[in-house]
Amino acid sequence: APAGTETPLRLQTNTLFISAPGIVKASYLTMLSPSVSGKVDKVHPLFNVGEIVLKGTPLMELEKFEYRARLANAQAELEQARLDVSTEQAEALKAIKKTYSSVSKSGKESELVLRVPQRRAVNARLNAAEAYVAEAEQALRDTVLEAPYTCRWWNALWEPVPAWSPGSRWGK
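Residues numbered from 1 in each chain as written. Predicted model: local features only at pLDDT ≥ 70, side-chain atom pairs only at ≥ 80, totals over all residues. Heavy atoms only, no water.

Novice: Lay out the overall build of the protein in plain terms, naming residues and giving numbers.
Specialist: Along the backbone of the protein there are two helices and five strands. Its helices and strands taken in sequence order, the protein reads β-β-β-α-α-β-β from the N to the C terminus. Across the 172 residues that make up the protein, the buried fraction comes to 23%. Considering only residue pairs separated by 6 or more positions, the protein has 78% of its internal contacts joining residues 24 or more positions apart. Split by element, the accessible area of the protein, about 13000 Å² in all, is 56% carbon and sulfur. (Helix = DSSP H or I, 4+ residues; strand = E, 2+ residues; numbered from the N terminus. Buried < 20%, exposed > 50% of the residue type's maximum accessible area, 1.4 Å probe, protein only. Contact = heavy atoms within 4.5 Å. Areas by Shrake-Rupley, 256 points an atom, 1.4 Å probe, with all protein chains shown as cover.)

Novice: Just give me the short version of the pattern of salt bridges, but keep the residues and values in it.
Specialist: Tallied over the entire structure, the rule returns five salt bridges. For arginine 82, the salt bridge identified is with glutamate 79, shortest N-O distance 2.7 Å. Taken together, the positions of arginine 82 and glutamate 79, both in helix α1 (residues 65-101) and three residues apart, correspond to about one turn of that helix. With a relative accessible area of 39%, arginine 82 lands in the partly exposed category. (Salt bridge = Lys/Arg side-chain N within 4 Å of Asp/Glu carboxyl O.)

Novice: So what about the nonpolar core? Which residues, and what values?
Specialist: Listed in full, the 11 residues of the largest apolar core are Leu32, Val36, Val53, Leu59, Met60, Leu62, Tyr67, Ala139, Leu145, Ala147 and Trp153. Top element by residues in this core is strand β3 (residues 58-62). It accounts for three residues. In terms of nonpolar packing, the next biggest core, distinct from the first, is built from 10 residues, Leu71, Ala81, Val85 and Ala129 among them. (Core = buried A, V, L, I, M, F, W, Y, C linked by side-chain atoms within 4.5 Å.)

Novice: Can you lay out the pairing of β3 for me, pointing to particular residues and giving the numbers?
Specialist: In terms of residue burial, β3 counts as a mostly covered element, since four of its five residues are buried. Here strand β1 (residues 40-43) pairs with β3 via three bridges, running antiparallel. The residue bridging valine 43 from the neighbouring strand is methionine 60, located in β3. Pairing between β3 and strand β4 (residues 144-146): three bridges, direction antiparallel. Paired with methionine 60 across the strands is leucine 145, a residue of β4. (Pairing = 2+ DSSP bridges.)

Novice: Describe in detail the sheet that holds β3, supporting the description with residues and values.
Specialist: Pairing is antiparallel in the open sheet, where three strands are placed in the order β1-β3-β4. In this open sheet, the two edge strands, each paired with only one partner strand, are β1 and β4. On average, each strand axis in the sheet is inclined to that of its neighbour by 15°, with strand direction left out of account. (Axes fitted to C-alpha atoms, helices over the stretch in contact; angles between N-to-C directions.)

Novice: Tell me what's going on with the confidence of the model for the protein, and back it up with residues and numbers.
Specialist: Looking at the protein, the pLDDT average stands at 82 and 80% of residues meet or exceed 70. Mean pLDDT across the elements of the protein ranges from a minimum in strand β5 (residues 151-152), with 80, to a maximum in helix α2 (residues 116-141), with 96. (pLDDT = per-residue confidence, 0-100.)

Novice: Pulling in residues and values, what's your account of the environment of glutamate 137?
Specialist: Note that glutamate 137 resides in helix α2. With a relative accessible area of 34%, glutamate 137 lands in the partly exposed category. Separated by 69 residues in sequence, glutamate 137 and arginine 68 have C-alpha atoms that sit 8.5 Å apart.

Novice: Explain the environment of leucine 93 residue by residue, including any values.
Specialist: Here leucine 93 is to be found in helix α1. Using a relative accessible area of 52% as the deciding quantity, one classes leucine 93 as exposed. Residues leucine 93 and leucine 114 lie 21 residues apart in sequence; the distance between their C-alpha atoms is 8.4 Å.

Below you can see the structure in the form of structure tokens.
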């Protein structure tokens, strides 16, 4: 084009291919393992290498009988502890009324007479029972091994065995 003249630009599509040797690796590699032990009850029906698994999908479930029984026992202990606290509170009120209805020689009653140690003990048992229920509920939830995030199932390192224990590798 002569000097001083404009040449219109044309839009054209170019495709560029680059061929290079290399290795593709997953962004995350997670080893899955149950945190409780037991017999395998169910395995996800679409459990196949290469399948896309959504976050929260139950991959494997252990039998729940033992964990349900443990939870029921913990709940019964909690109810008994609550009853014991109520009973001790009533006993403490009776002791306080009795103490203050009669004239005390010293004017100050001991903690034992006022049932302070007994109240501390039943409250401690109540706290322990509440913790035991929370632990049993968590163990029951842990019988289900879920996908921690949406991913593609890469490899299975398991074979159907009668029981699993914490730390057993299940898959990645």
